[in-house]
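Single-letter residue listing:
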Amino acid sequence: MSIINSIVQFVMDMGGGIFLPFTITVLGLIFKIKLFDSLRNGLRVGAGFLGINVILNMLVSGLQPAIDYYSTKGSGFTVVDIGWEGLSAVAWSTSFALLIVPLGMILNYILIKIRFTKTMDIDIWNYFHMILGASMMFYVLKLAGAAAVPAYVVSVIFGLLTLVVVLKYADWIAPRWQEHYDLPGTTCCNNDAIYIWVINQFTCFVMDKIPGINKIKFEGNWKSDRFGAVGESSVLTFFVGIILSLLTRQNLANTLSMSVTLSAAVILMPKVVGLLMEGMLPVTKAARAYFKGKLGDDYDIYIGMDEALCLGDETGIQLVGIMIPITIAIAFLPGISMFPLSSLGSMIYFTCGCSLFAKGDMFKTLVSTIMVMIYRCFINSWIAPVVTQLAFSAGFIATTSTLVSGSSSAEFNCVLVGILGKILGVW
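Residues numbered from 1 in each chain as written. Predicted model: local features only at pLDDT ≥ 70, side-chain atom pairs only at ≥ 80, totals over all residues. Heavy atoms only, no water.

Its axis deflected by about 50° at I173, helix α7 (residues 148-181) carries its strongest bend there, up to four residues before the proline P175. Of the residues flanking the end of α7, it is D182, one or two places downstream, whose phi is positive at about 55°. (Bend = angle between axes of the 7 residues up to and from the residue. Helix = DSSP H or I, 4+ residues; strand = E, 2+ residues; numbered from the N terminus.)

Structure representation (structure tokens):
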């Protein structure tokens with residue numbers, strides 16, 4: 001068991017930018033790609049992944065003055081936001097990581113072989129979403145009086161069933177994902193993307209049924225066609241940065257830094273995603289050919305990846321600066337007790353994700369993102385007692401006197417555990 005734990009920890013310590021090229025290289029060899037071609041593909045994927053992280057860190061750093069300004073407004077909230085980073089650390093520190101990761105990979109392969117799913121999930125790090133739900137289930141069952149062994153078995157099964165749901169949803173979303181984000185052969189298999197797209201789809205559906213509202217169209221590219229360079233996304237995003245700076249009372253240096261950073265993100269992000277896809281496409285084609293040979297010409301395969309691949313969406317990037325003050329306003333709604341500090345830094349994930357069913361329409365994307373943030377803020381506050389107990393049991397926090405929560409607790413598996421906890425009366 002200690003050997004398995006050491007292997008898991010070694011993989012996690014390397015990070016995606018290091019381990020992902022290795023994974024792509026090995027997959028290339030399995031799918032009959034030549035060694036150095038596989039290595040080249042892996043290095044391009046790694047370079048793209050690292051590039052995405054660099055731009056995200058640049059974006060967070062550039063927006064930090066505005067985030068710091070709004071964080072001072074967050075005093076009086078009773079739940080501490082530890083972000084998805086904190087929850088992932090809690091999840092990976094539990095013993096469930098030792099079982100769910102290898103069992104999940106084996107299950108994924110079996111489900112492909114029996115034609116139950118078309119998605120091959122290579123995004124190992126995001127297995128923490130399944131591990132988190134399983135860990136929460138275990139502690140809820142224990143608090144309800146269940147014996148340790150049955151509770152553990154049920155929790156592992158729950159984690160694996162969550163993976164099955166994620167894979168089937170990835171199958172379903174793949175054609176739309178590939179077309180909208182121009183990511184052929186791939187799909188998104190992140191659990192946290194499911195609730196974003198469910199809300200996004202429902203919101204867009206309702207908006208299309210409302211007279212007057214369904215006539216509002218605000219495409220991201222019409223401004224460039226009408227106003228030339230002034231209407232280009234990079235220039236408009238620069239002005240969004242200036243407006244955000246004025247709202248948060250920044251000095252000239254911070255104003256320019258924030259504005260240029262937002263503009264740079266909208267220019268650079270599609271380029272590094274394109275670099276990543278240069279490495280992914282040969283592997284995707286080889287995987288398809290491999291499984292078609294095994295399962296027949298009528299069967300297709302999708303490579304399951306992180307939702308970071310969609311961050312090149314221009315509509316989503318342009319709305320980041322607009323959504324930050326709106327999210328702050330949402331945090332002060334009655335019933336919300338957690339200031340969503342981590343969500344401000346990762347806003348681009350929500351805005352780019354909500355562009356999917358909005359088909360790039362800025363108005364629908366904006367409204368959908370607002371709905372997502374309302375849901376997220378309420379659920380993160382509501383489920384905080386369960387998250388706090390888990391973090392305490394895992395040794396992440398020293399006391400339960402201060403409630404903690406994080407963005408990933410809004411996922412469907414965690415919400416189901418929260419509802420079960422309420423039914424069993426454990427919180």
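The next thing to look at is the packing of helix α5 (residues 96-113) against α7. Interhelical geometry of α5 versus α7 gives an angle of 40° and a closest axis separation of 10 Å. Between α5 and α7, the interaxial angle falls into the category oblique. Of the two possible hands of crossing, α5 and α7 adopt the one that is right-handed. Contacts between α5 and α7 involve F96, L99, I100, L103, G104, L107, N108 and L111 from the first element and Y152, S155, V156, G159, L160, L163, V164 and L167 from the second. (Axes fitted to C-alpha atoms, helices over the stretch in contact; angles between N-to-C directions. Parallel < 35°, antiparallel > 145°, perpendicular 65-115°, else oblique. Left-handed = near helix turned anticlockwise from the far one by under 90°. Contact = heavy atoms within 4.5 Å.)

Further remarks concern the pairing of strand β4 (residues 302-305). What you see with β4 is no split at all: Y302 and G304 on one side and I303 and M305 on the other are buried throughout. As paired strands, strand β2 (residues 119-121) and β4 are joined by 3 bridges and run parallel to one another. Bridging from a neighbouring strand, M120 pairs with I303 of β4. Where strand β3 (residues 186-188) meets β4, 3 bridges bridge the pair, whose relative direction is parallel. Residue pairing across strands places T187 opposite G304, the latter belonging to β4. (Buried < 20%, exposed > 50% of the residue type's maximum accessible area, 1.4 Å probe, protein only. Pairing = 2+ DSSP bridges.)

A word on unusual backbone geometry. Backbone geometry places D182, a non-glycine residue, at a positive phi of 55°. Structurally, D182 can be placed in the loop between α7 and β3. Using a relative accessible area of 59% as the deciding quantity, one classes D182 as exposed.

Structurally, the position occupied by V404 is in strand β5 (residues 403-405). According to the relative accessible area criterion, V404 is buried, its value standing at 6%. Expressed as a C-alpha distance, the spacing of V404 and G83, which sit 321 residues apart in the sequence, is 9.4 Å. Aside from chain neighbours lying at most four places away, what touches V404 is V79, V80, I82, A384, V387, T388, A391 and I397.

Spatial strand order, β2-β4-β3: 3 strands in an open sheet with parallel pairing. Both outer strands of the open sheet, β2 and β3, are each paired with one neighbouring strand and no more. This sheet shows a mean twist of 40° between the axes of neighbouring strands, independent of strand direction.

Attention now moves to the packing of aromatic side chains. Throughout the structure, instances matching the rule amount to 10 aromatic pairs. Between W177 and Y181, the aromatic rings sit 5.2 Å apart at their centres with planes inclined by 65°, giving edge-to-face as the arrangement. Of this pair, W177 and Y181 both sit in helix α7, 4 residues apart, roughly one helical turn. Comparing W177 with Y181, the two get one shared label, buried. Connected via pairs of aromatic rings, a cluster forms that spans F96, F138, Y139 and Y152. Directly above the aromatic system of F116 lies the positively charged group of K168, at a separation of 4.8 Å from the ring centroid. (Phe/Tyr/Trp six-rings, centres within 6.5 Å; stacked < 30°, edge-to-face > 60°. Lys NZ or Arg CZ within 6 Å of the ring centre and 35° of its normal.)

Counting residues in each nonpolar core, the largest one holds 122 residues, and the members touching the most others are M136, W197, M269 and L276. Element by element, the count of residues in this core is highest for helix α11 (residues 252-295), at 15 residues. (Core = buried A, V, L, I, M, F, W, Y, C linked by side-chain atoms within 4.5 Å.)

Turning our eyes to something else, we now look at the pattern of salt bridges. The tally for this structure, following the rule as stated, stands at 4 salt bridges. Taking the shortest distance from any N to any O, the salt bridge between R44 and E278 comes out at 3.8 Å. One end of the pair, R44, is in helix α3 (residues 35-71); the other, E278, is in helix α11, and 234 residues separate them in sequence. You can call R44 partly exposed: its relative accessible area is 32%. Here D171 and K168 are joined by a salt bridge, their closest N and O atoms 3.9 Å apart. Taken together, the residues span about one helical turn, with D171 and K168 both in helix α7 at a distance of 3 residues. The class for K168 is partly exposed, based on a relative accessible area of 36%. (Salt bridge = Lys/Arg side-chain N within 4 Å of Asp/Glu carboxyl O.)

Turning our eyes to something else, we now look at the layout of surface pockets. When its volume is computed, the second largest pocket comes out at roughly 460 Å³. In terms of lining residues, the second largest pocket is bounded by 18 residues, among which L27, I30, M105, M120 and I122 are the most central. Where the lining of the second largest pocket is concerned, the elements lending two or more residues are α2 (16-30), α5, β2 and α11. For the lining of the second largest pocket, the element with the highest residue contribution is α2, accounting for 6 residues. Across the lining of the second largest pocket, the residue classes break down as 15 nonpolar, 2 polar and 1 charged. (1 Å grid on protein atoms, 1.4 Å probe; cavity = no way out; pocket = protein on both sides within 12 Å on 5 of 7 lines; lining within 4 Å. Points joined across faces, edges and corners; volume = space filled by probe spheres on them. Nonpolar A, V, L, I, M, F, W, Y, C, P; charged D, E, K, R; others polar.)

Evaluated as defined, the whole model comprises 0 disulfides. Looking at the unpaired C354, the closest cysteine sulfur is the one in C204, lying at 7.9 Å. For C354, a relative accessible area of 0% translates into the label buried. (Disulfide = S-S within 2.5 Å.)

All chains considered together, the criterion is met by 2 cavities of 30 Å³ or more. Reported here for the largest cavity is a volume of approximately 60 Å³. Every residue lining the largest cavity is listed: L20, F49, I122, D123, W125, L276, M305, D306 and L309. As a volume, the second largest cavity reaches approximately 40 Å³. Around the second largest cavity sit A193, I196, W197, E307, C310, Y349 and G353, which together line it. Those elements that place two or more of their residues in the lining of the second largest cavity are α8 (191-209) and α14 (347-353). Broken down by element, the residue count for the lining of the second largest cavity peaks at 3 residues, all from α8.

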